[in-house]
Amino acid sequence: MAETPTADMAGQLAQWQARGEAPADQKEQRGPAKVIQLPLWPEPKRGAPNAVLRGALFAAVHKDRRYIDRELLATQDGITIRFTGKQLDQADLDVWEQALHLVRTQALGTECRFTERGFLKALGRQPGGQNVDWLRSAFARLGASLVEISDGRQTYGGSLLEFYRDEATGRTVLVLNPQLAPFFGPTRWTQIDWEQRQQLRGKPLALWLHGFYASHAAPYPLTVAYLHKLSGSQTKRLRKFKENLAEALRGLEAVGAIRSFEIRDDLVHVRTVPSKSQQKHLAARRPPARRRK
């Protein structure tokens, strides 16, 4: 026989309902909330997902950005990116990488506060004036765009960051979606040499190649036409792009980002400088040495 609720029981139930809670015997037992955080790469580096570095999401363009409506972007095999918004360039990638760098020390989804002055200095740009306007435009592009990105194991759909400015303190508040975290799993992201990247500033194709080849421990030879497509270059004549490509690769050699390169016929051969983690990955792929009889 069901128990008839007393006045005290009815009053307690009403209080639970008013607070949107369930009775104690109906509450789900929950453990502590899981903290989702990016890898803690060192200060001289910047981290970025391989899926972002191996395609035309941040294109090697100079100007004349176009508006894109859920277009399937050029990407390396195994990666799919659809993009809606104003085209992003390598300077926007600088901003996004610095944003990732700031939030890596705390849980994703929490607020990260910083000054525009400090952010610009980290980018190697003078604070104030036109650079502040440029930075705010970059944040607007990154926040307003919709990216649907998949590497075959995980698909993310959303903006690349969210932000607002606290006018009372003069600080910008940045939030990154925790759903981006899987793209920073083992072997799925790359540490970028920030000093090298700063030396290449203002050279969109060299910057794109810098990120692309940094994400490969031992890249296969690729055709000039394939790199032209992946980079999102606006250069229409392939012969001219080949000249620009050779110049950009010489720039990577000069800053120590690659050991050497050669363009034979239509194939681009590049010897990279593998990071410690990439060296371990290459060692794991080598077949075990045969014992001598």
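Here we summarise the structure given alongside this text. (Residues numbered from 1 in each chain as written. Predicted model: local features only at pLDDT ≥ 70, side-chain atom pairs only at ≥ 80, totals over all residues. Heavy atoms only, no water.)

## A short note on the layout of surface pockets
Right, on to step 1. In this structure, the largest pocket encloses a volume near 1100 Å³.
Right, on to step 2. If you trace the largest pocket, you find 43 residues lining it, with Thr-190, Ala-214, Ser-215, His-216 and Gln-278 closest to the centre.
Right, on to step 3. Elements supplying a minimum of two residues to the lining of the largest pocket: helix H2 (50–53), strand S11 (189–193), helix H7 (204–214) and helix H10 (276–285).
Right, on to step 4. Residues belonging to the lining of the largest pocket are distributed by class as follows: 17 nonpolar, 17 polar and nine charged.
Right, on to step 5. If you add up the space inside the second largest pocket, you get close to 300 Å³.
Right, on to step 6. Of all the secondary structure elements, the ones that give two or more residues to the lining of the second largest pocket are H7 and helix H9 (238–254).
Right, on to step 7. When residues in the lining of the second largest pocket are grouped by element, the largest group, five residues, is from H9.
Right, on to step 8. Tallied by class, the residues present in the lining of the second largest pocket amount to seven nonpolar, six polar and two charged. (1 Å grid on protein atoms, 1.4 Å probe; cavity = no way out; pocket = protein on both sides within 12 Å on 5 of 7 lines; lining within 4 Å. Points joined across faces, edges and corners; volume = space filled by probe spheres on them. Helix = DSSP H or I, 4+ residues; strand = E, 2+ residues; numbered from the N terminus. Nonpolar A, V, L, I, M, F, W, Y, C, P; charged D, E, K, R; others polar.)

## Things to note about the packing of H7 against H9
Right, on to step 1. Remark: H7 packs on H9, axes separated minimally by 9 Å, with the N-to-C direction vectors making an angle of 65°. The chirality of how H7 crosses H9 is right-handed. Only Phe-241, Asn-244, Leu-245, Ala-248, Leu-249 and Leu-252 of H9 make contact with H7, whose side of the interface consists of Leu-205, Ala-206, Leu-209, His-210 and Tyr-213.
Right, on to step 2. Here the contact of H7 with H9 is built from residues that sort into nine nonpolar, two polar and no charged. (Axes fitted to C-alpha atoms, helices over the stretch in contact; angles between N-to-C directions. Left-handed = near helix turned anticlockwise from the far one by under 90°. Contact = heavy atoms within 4.5 Å.)

## Here's the deal with the sheet that holds strand S10 (residues 171–175)
Right, on to step 1. The antiparallel open sheet is built from three strands, whose spatial order is S6-S10-S9. Every other strand in the sheet has two partners, leaving strand S6 (112–115) and strand S9 (162–166) as the edge strands with one partner each. Strand after strand, the sheet turns through a mean of 30° between neighbouring axes, direction not considered.
Right, on to step 2. By the bridge criterion, five bridges tie S9 to S10 in an arrangement that is antiparallel. Across the sheet, residue Glu-162 finds its bridge partner in S10, namely Val-175. (Pairing = 2+ DSSP bridges.)

Such coordinate-based values are descriptive only and should not be taken to indicate function.
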